[in-house]
Amino acid sequence: MCTQEAFQTQRSQLVGLLVSGSLEGFESILDWLLSWEVLSWEDYEGLSLLGQPLSYLARRLLDTVWNKGTWGCEQLVAAVREAQTDCQALELSSCCDPHSPHPARDLQSHRPAIVRRLYSHVEDVLNLAWEQGFISQYERDEIRLPIFTSSQRARRLLDLATVKANGLAAFLLRHVQELPVPLALPSEDAACKKYMSKLRTTISAQSRFLSTYDGAENLCLEEIYTENVLEIRTEMGLARSPQKSPATLSLEELFSTCGHLNEDADTVLVVGEAGSGKSTLLQRMHLLWAAGRDFQEFLFVFPFSCRQLQCVAKPLSVQMLLFEHCCWPDFGQQDVFQFLLDHPNRVLLTFDGFDEFRFRFSDHERHCSPTDPTSVQNLLFNLLQGNLLKNARKVLTSRPDAVSALLRKYLRLEINLKGFSEEGIELYLRKCHREPGVADRLIRLLKTTSALHGLCHLPVVSWMVSKCHQELLLHGGGSPKTSTDMYLLILQHFLLHASPPDSVPHSLGSRLLRGRLPTLLHLGRLALWGLGMCCYVFSAKQLQAAHIDDEDISLGFLVHAKSVGPGSTTPLEFLHITFQCFFAALYLVLSTDVSPSLLRQLFSCHGPRSSLLARLLPTTCVPRSERKEGSLAALLQEAEPHNLQIMAAFLAGLLSREHRGLLAECQANEEALLRLQGRAQGCLSRSLHQHFRSIPPAVPGEAKSMHAMPGFLWLIRSLYEMQEERLAREAVRGLTVGHLKLTFCGVGPPECAALAFVLRHLRRPVALQLDHNSVGDIGVEQLLPCLSVCKALYLVGNDIGSVGARALALMLEKNVALEELCLEENHLRDEGVCSLAKGLERNSSLKVLKLSNNCITYLGAEGLLQALEKNDTILEVWLRGNTFSLEEMERLSQRDTRLLL
């Protein structure tokens, strides 16, 4: 029994059930309701409107059925059950008379079985109906539009028979009796079964070994994979309370029903900075599907790389994309493709590296035919919009900068990939080094080297630490602070391992680099050319043009890419985009052909494709000059802004004092390096001053506030890479902002280190707002040097635990500037709160402490009460949303009214 009241109570769950499948499933439910006469023909027409969102139709169906009373509600539940069984062996009742006096009524009464019977023969029936004059050519062509599946064509033909009084209904009723009964599901057809098996085998082979970073060895993905932190992005202020931090989820929950931005969209977007593990995440998903362990709601999975798709020049159809560029069916291609079109909800397509796709997302050109070819970019864009393979799930990965507001309109869900947690870093290193003691020593090294530990939240850096463990532990690799330090170390690691044992000393230094200078220049020139041309996969012809030989390839930074098509030779790519940016920066420093004026262009780049940087950096740094096509200046002008930012940060690091001697001996011209360094420093300083000058004046009576603009963090990171104290001091000289806001900016430990490096030189106190970022315990430690100039610190959703709380407690014992500390929506628990309480006992400046939603119990509150007995400066301690009973809340509020519960 399903009463109207129960039906209404379960309405939200019913809507979710109706929209969780495909449009095909929804239309199957309508078939049953129409055949049982729960729906009138007018009801059905109102629920079959083309172009309406599925969620709208589902709610309209619930309203229609509810108005019909308890019986109608029960019938809907029964129809859902029938549609879910998807029974293929539906028999036409023996009482279905092919010579019935009421053929239209009989077509409706047996509609589910007739749709199933027509499924594989609708084209033949359409042609026969047209030849015998029951339908016009216009009606036939409209039913045959490629946007409709076979089932939808069958339904449209039946709908037409209902309104035409020329004998079409009687013709269909007679003819459908003569069609063979489908004996099995189309998915069980030999061609589909064979193709599913081949697809699983192919994807399993492609996904089994981790080849994202290093082609020199095969790492078993199953043994090395470590979970990253996935966080759901929601519209601020709409989908959740402002006090709630974004929800996290596991990879297996990627298609869960929570946090949807658009219920009618099919695309899930995973965003993360370069090196955060996006490609490996997709590889893990593919392997889980191929092994039958997860994502089994999909019968077919098709993985694609955007960097390789943009190399395809010829027009493609959906069929060509799936079969020619993923996996080709051995037989029955048309049957397999028709099944994909008819059951798109059983299909998953993944597109890796949308940020490396040269074309910007557009929805101007509609393309709805799955068989007609179009350009690669137009095909991809229409797949993401749902104009092609609607209801097929798509997963897209990208760096954040490449995601436009236009693309977000077509997203079902957006996920932030935030890299490794602190536990993840340790787990990954233990998986990499199972020999006794090595992982323990590396982990101890990281915990005593805070800057390097902060970099390791990016999986690519954790991989480098793992590769360079001997240099770090045994061969004097030093204590890397910056990304540039780490990339120079991995470069020397590769050089050591690629050189004969007796040719170079087993130590790090300029002699090692000088011996392979031609190779470094070849690789750097190729990297820079590729960035300028938005080319990340290099053919044999392009490698030859760049003078790349086998010796250069043997170094290990160029690895084999997947073939972009049948019969093509295997191209090469840099083992990661960040390495391509690093080698491009290295070329600009080491090449004798690079002038300082060209180098300055990197920091201003005012071209149409890099308008972001043009707004941030001073045009005075670059004199106007003619640029020849194909020149270095033209390449820098055409490169993608997010790649330019990575390259510029590396360039700043290479020009630091620490590395000047190393590179000068390679280039044998220290004066040239000094000139380059001076120009880079001047540009960075002027850029930050211009950025600060662009801040609007303060409202009278309020502190001047600065919201982070695009590129601000990059400028700070570049300053940090250069490690120039004087430059950092000059950069913030005269800055008078009272409130620096960097919420939802992807601030992690490396950015915290950079912020502290610069902000500690402020002359006036500032409120630093870092809510909803990825600061974590490591980031808190990185921020400590600048907290002496912070009057307020906001950290509402930053994954801070007891370790970060202990660091803040030690700071509070000495700090005399901080007046407000916000740590809401973290996981401090009692241990962290008790640490903070000890710090408060000696603090005399803090007035407000916000600890809401931190899983604190009465034990932690007791520790705070003891501290408050010794501290009369604190005015408010926020403890809302913690785990207190009503009695405990009453007791605590009576003991100290400063506790806000």
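So, how was this worked out
- Residues numbered from 1 in each chain as written.
- Predicted model: local features only at pLDDT ≥ 70, side-chain atom pairs only at ≥ 80, totals over all residues.
- Heavy atoms only, no water.
- Helix = DSSP H or I, 4+ residues; strand = E, 2+ residues; numbered from the N terminus.
- Buried < 20%, exposed > 50% of the residue type's maximum accessible area, 1.4 Å probe, protein only.
- Areas by Shrake-Rupley, 256 points an atom, 1.4 Å probe, with all protein chains shown as cover.
- Pairing = 2+ DSSP bridges.
- Contact = heavy atoms within 4.5 Å.
- Axes fitted to C-alpha atoms, helices over the stretch in contact; angles between N-to-C directions.
- pLDDT = per-residue confidence, 0-100.
- Parallel < 35°, antiparallel > 145°, perpendicular 65-115°, else oblique.
- Left-handed = near helix turned anticlockwise from the far one by under 90°.
- Nonpolar A, V, L, I, M, F, W, Y, C, P; charged D, E, K, R; others polar.
- Salt bridge = Lys/Arg side-chain N within 4 Å of Asp/Glu carboxyl O.
- Phe/Tyr/Trp six-rings, centres within 6.5 Å; stacked < 30°, edge-to-face > 60°.
- Lys NZ or Arg CZ within 6 Å of the ring centre and 35° of its normal.
- Right-handed = clockwise from strand over helix to strand, strands pointing away.

Enquirer: Talk me through the overall build of the protein chain; I want residue IDs and the actual numbers.
Expert: From N to C terminus, the protein chain includes 45 helices and 19 strands. Within the protein chain, the proportion of its 901 residues that are buried is 58%. Accessible area of the protein chain: about 37,200 Å², with a carbon and sulfur share of 51%.

Enquirer: Describe the sheet that holds strand S5 (residues 267-271), naming the residues involved and giving the relevant values.
Expert: The strand order across the open sheet formed by seven strands is S4-S3-S9-S5-S8-S7-S6, and the pairing between neighbours is mixed. In this open sheet, the two strands that pair with only one neighbour each are strand S4 (248-249) and strand S6 (300-305). Pairing analysis gives four bridges linking strand S7 (residues 347-352) to strand S8 (residues 393-398), with the strands arranged parallel. Within the sheet, the bridge partner assigned to leucine 348 lies in S8 and is arginine 393. Sheet contacts for helix H15 (residues 278-290): strand S3 (230-233), S5, S6, S7, S8 and strand S9 (411-417); angle to S7, the most-contacted strand, approximately 155°.

Enquirer: Summarise the confidence of the model for the protein chain; cite the residues concerned and give the values.
Expert: The predicted model of the protein chain averages 84 in pLDDT, with 88% of residues at 70 or higher. Below pLDDT 50 for its whole length, residues 183-188 participates in 14 contacts with residues either more than four positions away or in separate chains.

Enquirer: An account of the packing of helix H3 (residues 23-35) against helix H5 (residues 54-66) is requested, with residue identities and associated values reported.
Expert: If you want to describe how two helices pack, look at the angle between their axes and the distance between the axes. Two elements in contact, H3 and H5, have axes separated by 11 Å at closest approach and are oriented at 25°. Overall, the two elements H3 and H5 adopt an arrangement that is roughly parallel. Here H3 runs over H5; the crossing is left-handed. Contact with H3, carried on its side by Leu23, Phe26, Ile29, Leu30 and Leu33, involves Leu54, Leu57, Ala58 and Leu61 of H5 and no other residues of that element. A class-by-class count of the residues in the contact of H3 with H5 yields nine nonpolar, no polar and no charged.

Enquirer: Describe the sheet that holds strand S17 (residues 848-850), with residues and values.
Expert: Taken in spatial order, the eight strands make up an open sheet running S12-S13-S14-S15-S16-S17-S18-S19, and their pairing is parallel. Each having just a single partner strand, strand S12 (705-707) and strand S19 (899-900) make up the two edges of the open sheet. Note: strand S18 (residues 876-878) against S19, two bridges, orientation parallel. Across the sheet, tryptophan 878 pairs through a bridge with leucine 900, a residue of S19.

Enquirer: Please set out the pattern of salt bridges residue by residue, giving values where relevant.
Expert: Evaluation of the coordinates by the stated rule reveals 37 salt bridges. Two residues, glutamate 27 and arginine 155, come together in a salt bridge whose shortest N-O distance is 3.2 Å. Taken as a pair, glutamate 27 in helix H3 and arginine 155 in helix H11 (residues 150-163) lie far apart in primary sequence, 128 residues in all. Glutamate 27 gets classed as buried once you look at its relative accessible area, which sits at 18%. By relative accessible area, arginine 155 is classed as buried at 4%. Salt-bridge contacts for glutamate 725 lead to arginine 760; the nearest nitrogen and oxygen are separated by 2.4 Å. Taken together, the residues glutamate 725 in helix H39 (residues 725-731) and arginine 760 in the loop between helix H40 (749-759) and strand S14 (766-769) connect sequence positions 35 residues apart.

Enquirer: If you had to explain helix H24 (residues 459-467) to someone new, which residues and values would you point to?
Expert: Taken across its nine residues, H24 has nine buried, putting it largely inside the fold. Taken together, the buried positions of H24 are Pro459, Val460, Val461, Ser462, Trp463, Met464, Val465, Ser466 and Lys467. Looking at the buried positions of H24, the neighbouring elements they touch are helix H21 (422-432), helix H22 (438-448), helix H23 (450-455), helix H25 (469-473), helix H26 (483-498) and helix H31 (577-590).

Enquirer: Outline the packing of aromatic side chains, listing residues and values.
Expert: Counted according to the given criterion, the structure contains 32 aromatic pairs. Relative to phenylalanine 171, the ring of phenylalanine 134 lies with its centre 4.9 Å away and its plane at 25°, an arrangement referred to as stacked. Of this pair, phenylalanine 134 sits in the loop between helix H9 (122-131) and helix H10 (137-143) while phenylalanine 171 sits in helix H12 (residues 168-178), and the two are 37 residues apart along the sequence. Each member of the aromatic cluster is reached from another via a ring pair, and the members are Trp463, Tyr487, Phe494, Trp529, Phe538, Phe557, Phe574, Phe579, Phe582, Phe583 and Phe650. The positively charged end of arginine 200 is found above the aromatic ring belonging to tryptophan 289, 4.2 Å away from the centroid. Seen from the ring of tryptophan 878, arginine 880 lies directly overhead, with NZ or CZ sitting 5.1 Å from the centre.

Enquirer: Describe helix H38 (residues 712-722), with residues and values.
Expert: Counting buried residues in H38 gives eleven out of eleven residues, a clear majority hidden from the surface. Taken together, the buried positions of H38 are Phe712, Leu713, Trp714, Leu715, Ile716, Arg717, Ser718, Leu719, Tyr720, Glu721 and Met722.

Enquirer: Residue-level account of the pairing of strand S15 (residues 790-794), with values.
Expert: The side chains of a regular strand alternate, first on one face of the sheet and then on the other. Across the five residues of S15, four count as buried, placing the element largely inside the fold. Judged from the four bridges that link them, S14 and S15 form a sheet pairing that is parallel. Bridge assignment links alanine 767 to a residue of S15, and that residue is alanine 792. Crossover connection from S14 via helix H41 (residues 776-783) to parallel S15: handedness right-handed. With three bridges joining them, S15 and strand S16 (residues 820-822) adopt parallel strand pairing. The residue of S16 that forms the bridge with leucine 793 is leucine 821.

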